[in-house]
Amino acid sequence: IIDKRYNKNDWNIYVAQCSDGDNATPDTVEEEMHELLPKTQYFAYVECANPHTVSMGMVSDLWRTYHQLADAYPQLQSKMVFDNTGIWQVFTELFAKEQTK
């Protein structure tokens with residue numbers, strides 16, 4: 001859709017994703033993200049995580065994959081929430097205008 005309808009020279013592409021991080025095929029996601037991310041100006045990811053598993057150092061494969069991709073794609077930003085009532089606040093933070101100094 002992006003390639004057919006939205007020329008990167010004319011459009012800014014922003015993506016927001018929220019997930020529980022459960023993904024059966026992380027390899028496919030990584031390949032797709034390498035194709036998608038160069039076309040975006042910003043990609044915000046919010047993961048609704050289990051605080052107990054995160055406190056034990058366990059994160060989802062999707063979280064791990066996105067954090068590895070963020071090294072190559074600085075437009076990929078992510079945050080975790082532990083309660084679905086926090087999703088809107090986190091998206092607000094992710095999409096807040098940067099303060100100029």
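No experiment lies behind these values; they were computed from the predicted model shown.

### Some remarks on the overall build of the protein
Part 1: Assigned secondary structure in the protein consists of five helices and three strands.
Part 2: Secondary structure elements of the protein, listed N to C terminal, follow the sequence α-β-α-β-α-α-β-α.
Part 3: Counting only residues that meet the buried cut, the protein has 31% of its 101 residues in that class.
Part 4: Taking all contacts inside the protein whose residues are at least 6 apart in sequence as the whole, residues at least 24 apart take part in 77%.
Part 5: When the accessible area of the protein is evaluated, it comes to approximately 7200 Å², of which 50% is carbon and sulfur surface.
Part 6: Each charge class in the protein was averaged separately, 8 positive and 15 negative side chains, and the resulting centres sit 10 Å apart.

### Notes on the environment of Asp22
Part 1: Its location among the elements puts Asp22 in the loop between strand E1 (14–19) and helix H2 (26–36).
Part 2: A relative accessible area of 67% means that Asp22 is categorised as exposed.
Part 3: A sequence separation of 25 residues divides Asp22 from Glu47, and the C-alpha atoms of the two residues are 9.7 Å apart.

### Quick notes on the sheet that holds E1
The strands that make up a sheet pair up through hydrogen bonds in the backbone, lying either parallel or antiparallel.
Part 1: With parallel pairing, three strands are arranged side by side in an open sheet as E1-E2-E3. Looking at which strands have only one partner, the edges of the open sheet turn out to be E1 and strand E3 (76–81). Within this sheet the neighbouring strands show an average axis-to-axis angle of 15 degrees, counted without direction.
Part 2: In terms of strand pairing, E1 meets strand E2 (residues 42–48) through six bridges, oriented parallel. If you follow Ala16 over to E2, its bridge partner there is Ala44.
Part 3: Where helix H4 (residues 61–70) meets the sheet, it contacts E1, E2 and E3, and its direction lies at approximately 150 degrees from that of E3.
Part 4: In the packing of helix H5 (residues 87–94) onto the sheet, the strands contacted are E1, E2 and E3, and the crossing angle to E2 comes to about 155 degrees.

### Describing the pattern of salt bridges
Part 1: Counted under the stated rule, the structure contains four salt bridges.
Part 2: When the shortest N-O distance is used, the salt bridge between Asp3 and Lys39 registers 2.9 Å. Here Lys39 lies in the loop between H2 and E2 and Asp3 lies in helix H1 (residues 2–5), a separation of 36 residues in the sequence.
Part 3: The partner of Lys79 in a salt bridge is Glu93, with the nearest N and O atoms 3.1 Å apart. Taken together, the positions of Lys79 in strand E3 and Glu93 in helix H5 put the pair 14 residues apart, joining distant regions of the chain.
Part 4: Connected through shared salt-bridge partners, Asp3, Glu35 and Lys39 make up one network.

### What about the side chain of Ser19?
Part 1: When you line up the elements, Ser19 lands in strand E1.
Part 2: Take Ser19: its relative accessible area is 15%, and that puts it in the buried class.
Part 3: Apart from the residues lying within four places of it in its own chain, the contact partners of Ser19 are Tyr45, Val46, Glu47, Cys48 and Leu62.

Procedures and definitions
- Residues numbered from 1 in each chain as written.
- Predicted model: local features only at pLDDT ≥ 70, side-chain atom pairs only at ≥ 80, totals over all residues.
- Heavy atoms only, no water.
- Helix = DSSP H or I, 4+ residues; strand = E, 2+ residues; numbered from the N terminus.
- Buried < 20%, exposed > 50% of the residue type's maximum accessible area, 1.4 Å probe, protein only.
- Contact = heavy atoms within 4.5 Å.
- Areas by Shrake-Rupley, 256 points an atom, 1.4 Å probe, with all protein chains shown as cover.
- Lys, Arg positive; Asp, Glu negative; His and termini not counted.
- Charge placed at Lys NZ, Arg CZ, Asp CG, Glu CD.
- Pairing = 2+ DSSP bridges.
- Axes fitted to C-alpha atoms, helices over the stretch in contact; angles between N-to-C directions.
- Salt bridge = Lys/Arg side-chain N within 4 Å of Asp/Glu carboxyl O.

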